[in-house]
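Architecture and fold: a report
Listed below are the residues making up each chain.
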Amino acid sequence: MSGVSGPAAGSAPASLSLEQELEQEVLVRITESALVSLTTDLVAAAGENPGGTEEATVAVLQDFCLRAGLEVSTQDVAPGRPNFTAVLPGGDRPGLLFLGHSDVVPAGPGWDLPPFEPYVRDGRLYGRGSTDMKGGLAAVVIALAALKETGAGLPGNMALACTVDEEDLGLGIRAFTPAALADPGFSYSACVVAEPTDLETVIGCRGDSYIELKVTGKAAHSGRPADGRNAIDAAAKILALVREDHAQLQETLDPLLGAGTWNIGLINGGSGTSMVAAECTVSLDRRLMPGEDAAVILDRLLAKVSEAGIDTDGISVEAAVTMEMPGFRTPAEHPLVVNSVAALADAGVESAVTGWTAACDGGFISRDLGIPTIVMGPGGLNDQAHQVNESVSVAELVAAARAYALMCLRHGT
């Protein structure tokens, strides 16, 4: 993001069209004080994950949205873990869906002040989740509330879907998309994920997957290793195949998203230095390019294992994909992208069109629901999200909310 200029709202010159006058009326209703207040309440509601405590954040959202006159609903994904939806009804055309999540990563030690006692200093709001992504949630619902206050005629429904468990296994989005497919009233032609992008318009994301390997051999005394079958040795040979595949992937880089990657995250094996290891488990992270399937990737890896003769002579290999988050890509010329860039410009922001090497729930919206998706929100992914003393620029909160409101007004035009 090149920068956030002054507020893009004020008195409307006489030469403005009726549409422009309506936009100005909506923008002046989006205030810094309202955004700071709601973001503060959301940060204070915590919701660390792992932990399963998103319910308090949903309660804050629900209370605000009900008072704003929005239609709200919840879907229990697990005890105390509800997905939340707020809808501003509009016309009969497909609407615009905003996506966010209610959980935050654990605060951890080292904070200057308590992480769930948010405060504002030097134009920034501090607290765990301020950037990722309580600020984005606040910007969306403040925008919807401003649209509701003005009674703006909208082409279709405008909605926020807020899911649980984004920071861990994605239980929320995995429950949301099947429910949306089964809902005859669910009709949206575009999705904006309000994750932190420094207000850049992100048109593509890599996905992610976790692959668990269990290698089983045969225990023996280390003085007679030939009597056993060493599972750690076999796992090391598999990891050599993984490293080889990673290197091959890096030979062809997508200009927007790079390439798929492997990372060896965890390994555990053996029961003693003087014993041949009978078991070894390995946890792998495989980042996915749009359209890649983790199950296909695992099948290819296991085929290479068999071709190399690793799973023979007393060695067996079991493997499973334990988590998958798809990647996605939306064309740069798509009306959703054009709308985002133009709305940000009118909110005082010069927004670049970029890609992410990270992953987000937007991949499920794109893959499972077939809805073109972008990511655009306040805060910094690399310098603030998941960091000690996390913070978000108040000016970015205001700019994001105003851009979201403009996108709603202009959706489908």
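Residues numbered from 1 in each chain as written. Predicted model: local features only at pLDDT ≥ 70, side-chain atom pairs only at ≥ 80, totals over all residues. Heavy atoms only, no water.

The subject of this paragraph is the overall build of the protein. If you tally the helices and strands in the protein, you get 10 helices and 16 strands. Taking 2.2 N^0.38 as the reference for a compact globule, 413 residues should give roughly 22 Å; the C-alpha atoms of the protein span a radius of gyration of 24 Å, in line with that estimate. Dimensions of the protein along its principal axes, counting C-alpha atoms only, are 90 × 45 × 40 Å. Expressed as a percentage of the 413 residues in the protein, the buried residues total 50%. Considering only contacts within the protein whose residues lie at least 6 apart along the sequence, 80% involve residues at least 24 apart. (Helix = DSSP H or I, 4+ residues; strand = E, 2+ residues; numbered from the N terminus. Rg over C-alpha atoms; globule rule 2.2 N^0.38 Å. Buried < 20%, exposed > 50% of the residue type's maximum accessible area, 1.4 Å probe, protein only. Contact = heavy atoms within 4.5 Å.)

Read from one edge to the other, the open sheet built from three strands follows the order β4-β5-β16, with strand pairing classed as antiparallel. The strands lining the two open edges of the sheet, one partner per strand, are β4 (119–121) and β16 (391–393). Adjacent strand axes in the sheet meet at a mean angle of 30° when their direction is disregarded. For strand β5 (residues 124–126) and β16, the ladder comprises three bridges, and the chain directions are antiparallel. When the bridges of β16 are listed, Arg124 appears paired with Ser393. Contacts from helix α4 (residues 130–150) reach β5 and β16, with the element oriented near 45° to β16. (Pairing = 2+ DSSP bridges. Axes fitted to C-alpha atoms, helices over the stretch in contact; angles between N-to-C directions.)

Buried residues dominate strand β8 (residues 201–205), accounting for five of its five residues. Here β8 pairs with strand β14 (residues 353–356) via four bridges, running parallel. Counted as the bridge partner of Thr201 is Val353 from β14. Sheet analysis places β8 next to strand β13 (residues 328–329), joined by two bridges and oriented antiparallel.

A word on helix α8 (residues 335–346). Over its 12 residues, α8 runs 16 Å from end to end, which matches the ideal 16 Å to within 8%, given 1.5 Å per residue. For α8, the full list of buried residues reads Leu336, Val337, Asn339, Ser340, Ala343 and Leu344. Down the axis of α8, the buried side of the element spans an arc of 160°, and every buried residue falls inside it. The inward-facing, buried residues of α8 abut β3 (95–101), β7 (188–193), β8, β14, β15 (373–375) and α10 (394–410). Positive phi shows up at Gly348, right after α8, with a value of about 95°. (Expected span 1.5 Å × (residues − 1). Arc of directions from axis to C-beta.)

The amide bond that connects Asn49 to the next residue, Pro50, takes the cis arrangement and shows omega of 10°. Relative to the helices and strands, Pro50 resides in the loop between α2 (32–44) and α3 (55–67). The phi torsion at Asp165 lies on the positive side, around 65°, for a residue other than glycine. Since its relative accessible area comes to 1%, Asp165 is described here as buried. Despite not being glycine, Asn389 shows a phi value in the positive range, around 60°. With respect to the element layout, Asn389 can be found in the loop between β15 and β16.

Look at α2 against α4: their axes get within 9 Å of each other, and the N-to-C directions meet at 130°. Classified by the angle between their axes, α2 and α4 sit oblique to one another. Handedness of the crossing formed by α2 with α4: right-handed. Across from Ala34, Leu35, Leu38, Thr39, Leu42 and Val43 in α2, the residues of α4 making contact are Ser130, Lys134, Gly135, Leu137, Ala138, Ala139, Val141 and Ile142. The residue makeup of the contact of α2 with α4, split by class, is 10 nonpolar, three polar and one charged. (Parallel < 35°, antiparallel > 145°, perpendicular 65-115°, else oblique. Left-handed = near helix turned anticlockwise from the far one by under 90°. Nonpolar A, V, L, I, M, F, W, Y, C, P; charged D, E, K, R; others polar.)

In a regular helix each residue adds 1.5 Å, so 13 residues correspond to 18 Å; α3 covers 18 Å between its end C-alpha atoms and thus fits that length. For α3, every residue scored as buried is listed here: Thr57, Val58, Leu61, Phe64 and Cys65. Viewed end-on, α3 has its buried residues packed into an arc of 130°, placing them on one side of the element. Next to the buried residues of α3 lie α2, β1 (71–78), β2 (81–88), α4 and β6 (158–163).

Attention shifts here to the nonpolar core. Generally speaking, soluble globular proteins have nonpolar side chains that are buried together. Among the nonpolar cores identified, the biggest contains 64 residues, and Leu35, Leu96, Leu144, Leu147, Val192 and Tyr404 are the most heavily contacted of them. A total of 13 residues in this core trace back to one element, the largest contributor, which is α10. In this structure, Leu35 is in contact with Ile30, Ala138, Ala139, Ile142, Leu397, Val398 and Ala401, ignoring residues within four places of it in sequence. In terms of nonpolar packing, the next biggest core, distinct from the first, is built from 25 residues, Leu99, Val193, Val202 and Leu369 among them. (Core = buried A, V, L, I, M, F, W, Y, C linked by side-chain atoms within 4.5 Å.)

The next thing to look at is the packing of aromatic side chains. This model, assessed by the stated rule, comprises four aromatic pairs. An aromatic cluster of three or more residues is present, and its members are Phe176, Phe186 and Tyr188. Directly above the aromatic system of Tyr126 lies the positively charged group of Arg121, at a separation of 5.1 Å from the ring centroid. (Phe/Tyr/Trp six-rings, centres within 6.5 Å; stacked < 30°, edge-to-face > 60°. Lys NZ or Arg CZ within 6 Å of the ring centre and 35° of its normal.)

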